[in-house]
Amino acid sequence: MSPSPTSVMPPALADPADGVAVLEPQAATAAYGIPLAVLAELTHRCPLQCPYCSNPLELERAKEELTTAEWQRVMSELADLGVLQLHLSGGEPTARRDLVKLVRHANHVGLYTNLITSAVLLNRDSLAALADAGLCHIQISFQGSMPEAADRVAGLNGAHAKKIAAARIARDLDLPLTVNAVIHRQNIDQLPAIIDMAVDLDADRLEVANVQYYGWALKNRAALMPTPAQVETAVAIVEAARKRLAGTLVIDHVIPDYYAVRPKKCMGGWGRQFFNISPSGKILPCHAAETITGLHFDSVRGNRSIAWIWQHSEALNRFRGTDWMREPCQSCAYREIDYGGCRCQAFALTGDAANTDPACTLSPRHERLFATAEHEATAGAAEFVYRNFSGGTPEGGGRQR
Ligand code: SF4
Ligand code: FES
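It should be emphasised that the depicted structure is a prediction, and the values quoted were computed from it without experimental measurement. (Residues numbered from 1 in each chain as written. Chains lettered and ligands numbered in written order. Predicted model: local features only at pLDDT ≥ 70, side-chain atom pairs only at ≥ 80, totals over all residues.)

S.K.: Help me out: how do you make sense of the overall build of the chain in this one?
M.R.: Scanning the chain for helices and strands turns up 16 helices and 11 strands. Scaling as 2.2 N^0.38, a compact globule of 401 residues should have a C-alpha radius of gyration of about 21 Å, and the chain matches this with 20 Å. Taking the principal axes of the C-alpha coordinates as reference, the chain spans close to 55 × 50 × 45 Å. Counting the 401 residues in the chain, one finds 45% classified as buried. The contacts of the chain with a sequence gap of at least 6 include a subset with a gap of at least 24, amounting to 72%. (Helix = DSSP H or I, 4+ residues; strand = E, 2+ residues; numbered from the N terminus. Rg over C-alpha atoms; globule rule 2.2 N^0.38 Å. Buried ≥ 20, exposed ≤ 12 C-beta atoms within 10 Å, placed from the backbone. Contact = placed C-beta atoms within 7 Å.)

S.K.: When you look at the site of ligand 1 in this model, what are you seeing that I'm missing?
M.R.: The environment of ligand 1 is made up of 14 residues, and the closest members are Cys329, Cys332, Tyr334, Cys360 and Leu362. Across the shell around ligand 1, the residue classes tally to seven nonpolar, three polar and four charged. (Near = placed C-beta within 6 Å. Nonpolar A, V, L, I, M, F, W, Y, C, P; charged D, E, K, R; others polar.)

S.K.: Before we go on, may I ask you to explain the environment of Thr293 in this structure?
M.R.: Secondary-structure assignment places Thr293 in the loop between strand S9 (283-284) and helix H12 (306-312). For the pair formed by Thr293 and Tyr214, sequence separation is 79 residues and the distance between their alpha carbons is 14 Å.

S.K.: When you look at the pairing of strand S3 (residues 112-117) in this model, what are you seeing that I'm missing?
M.R.: Successive side chains on a regular strand alternate, one facing one side of the sheet and the next facing the other. Of all six residues that make up S3, five are buried, and the element is covered over most of its length. The sheet contact formed by strand S2 (residues 85-89) and S3 spans four bridges and is parallel. Considered in S3, the bridge of Leu86 is made with Thr113. Here S3 runs beside strand S4 (residues 137-142); their pairing, made up of four bridges, is parallel. For Ile116, the partnering residue across the bridge sits in S4 and is Gln139. (Pairing = 2+ DSSP bridges.)

S.K.: What is the right way to look at the sheet that holds S2 in this model?
M.R.: To summarise the sheet geometry, strands pair through backbone hydrogen bonds and adopt either a parallel or an antiparallel arrangement. Read from one edge of the open sheet, nine strands run S7-S6-S5-S4-S3-S2-S1-S8-S9, paired in mixed fashion. A strand with exactly one partner marks an edge of an open sheet, and here the two such strands are strand S7 (250-254) and S9. Bridge analysis of strand S8 (residues 274-277) against S9 gives two bridges, and the strand direction is antiparallel. Following the sheet pairing, Asn276 is matched in S9 by Leu284.

S.K.: Sorry, what's going on with the packing of helix H6 (residues 147-154) against helix H7 (residues 159-172) here?
M.R.: Any two packed helices are characterised by the angle at which their axes cross and by the distance between the axes. Close contact between H6 and H7 brings their axes to 7 Å; oriented N to C, the two are set at 105°. Relative to H7, the element H6 is oriented roughly perpendicular. Touching Pro147, Ala150, Asp151 and Ala154 of H6 are Ala159, His160 and Ala161, all from H7. (Axes fitted to C-alpha atoms, helices over the stretch in contact; angles between N-to-C directions. Parallel < 35°, antiparallel > 145°, perpendicular 65-115°, else oblique.)

S.K.: In this structure, what is going on with the pairing of S2? I would like to understand it.
M.R.: Direction of pairing for strand S1 (residues 37-41) relative to S2: parallel, over a ladder of five bridges. When the bridges of S2 are listed, Ala40 appears paired with Leu88. After leaving S1, the chain enters helix H3 (residues 68-81) and then returns to the sheet as S2, a path that is right-handed. Taken together, S2, helix H4 (residues 99-108) and S3 form a β-α-β motif whose crossover is right-handed. (Right-handed = clockwise from strand over helix to strand, strands pointing away.)

S.K.: How should the environment of Ile138 be read in this particular structure?
M.R.: Along the chain, Ile138 turns up in strand S4. With 65 residues separating them along the chain, Ile138 and Ala203 place their C-alpha atoms 10.0 Å apart. Beyond its immediate chain neighbours, meaning those up to four positions away, Ile138 contacts Leu115, Thr117, Ala170, Leu175 and Leu177.

S.K.: Mind showing me how you'd approach H3 here?
M.R.: Along an α-helix, residues three or four apart share an orientation, since each turn contains 3.6 residues. An ideal rise of 1.5 Å per residue puts 20 Å on 14 residues; H3 measures up with 20 Å between its terminal C-alpha atoms. Among the residues of H3, those classed as buried are Trp71, Val74, Met75 and Leu78. Taken around the axis of H3, the buried residues stretch over an arc of 100°, which confines them to a single face. Directly after H3, the chain includes Gly82, whose backbone phi takes a positive value near 110°. (Expected span 1.5 Å × (residues − 1). Arc of directions from axis to C-beta.)

S.K.: How should I be thinking about the environment of Ala359 in this particular structure?
M.R.: One can find Ala359 in the loop between helix H15 (343-350) and helix H16 (366-379). Among the residues examined, Ala359 registers 28 C-beta atoms within 10 Å and is labelled buried. As a C-alpha pair, Ala359 and Ala346 span 13 residues in sequence and 8.6 Å in three-dimensional space.

It is worth stressing that arrangement in space is one thing and function is another; only the former is reported here.
As structure tokens, this is what we get:
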């Protein structure tokens, strides 16, 4: 059963790590402060086919991608705006032949760069060139700790071994490393071995990130959803590892929000401290925003500056702050703490992005969501629908869900 809201809701305390509050005195825009970090999706091309990919179901094609010069102009604008961190992501960002040039430019304009990569296209030469261009940090995603099982999730034979090799070279080159492990029912039991793997790879940080169910992951939810008992065990394993490895490895743990008491403060609040740029240059409040129908997203290819878009974009303003909220959020003590959870999840699960995220125990839909998750975790199929430009390939030729 889902916990009862009144008995388990923690006190509504302000988040001391809220970036907007920290930066507000030097805000470049009038009302919403400066976006701390921007995620640049350089391309949707990728040699992997993970069934929980955060990219949209409608992937953008290579011919639509921003050019080298366009990305460089975007990076300069971001630095002028006051952005501090640039996450270079995809798809697979190393599929861009101009990645070294882009990293060099980002470094030149003073952005802290983090490469979010599957690492299967990297070797010593390309990693050395990236380090030389000023790359600040690398985050390598792993599908588990067991090569065969991990390669099955990635949809690419030999992927795990390539990732291990790239991670070792990255540390040889002194690049700070985060291991990102996306966790779901079919690999959650590998968690102790994944933690050992991160230590063995000399990572600074491990992200134990349970799948969040949008896009491809929502399509594959029945094959991915863990049981509440698995999640509870994982929480205990992470807690024990944090104590044991204090000073050696930082472990972040994102639990599946279907089983949470309160929803996550998605993106730090819509349009408050973060945005995405899609491969073709659309400015999105989050990676899944295009799943919400009826929103118009401005592009860096238009005649508006990024600073203007950040402040005036119709899509960024649609769910900013708290005025748009309905009950129970509107009168809730948490409304400026979690900003009503995730708009994309509210839309995907209720058909209306202005509804309370059903991950919240105060949502009238929460009990049903919890029950669906529990049911899928025990009765769900194991086969995946793989992410690709063909709109998804069912594993083993099975029927597409
Ligand atoms: Fe309150 Fe809405 Fe957050 Fe739930 S989602 S805790 S109702 S503000
Ligand atoms: Fe879009 Fe949460 S993923 S608001």
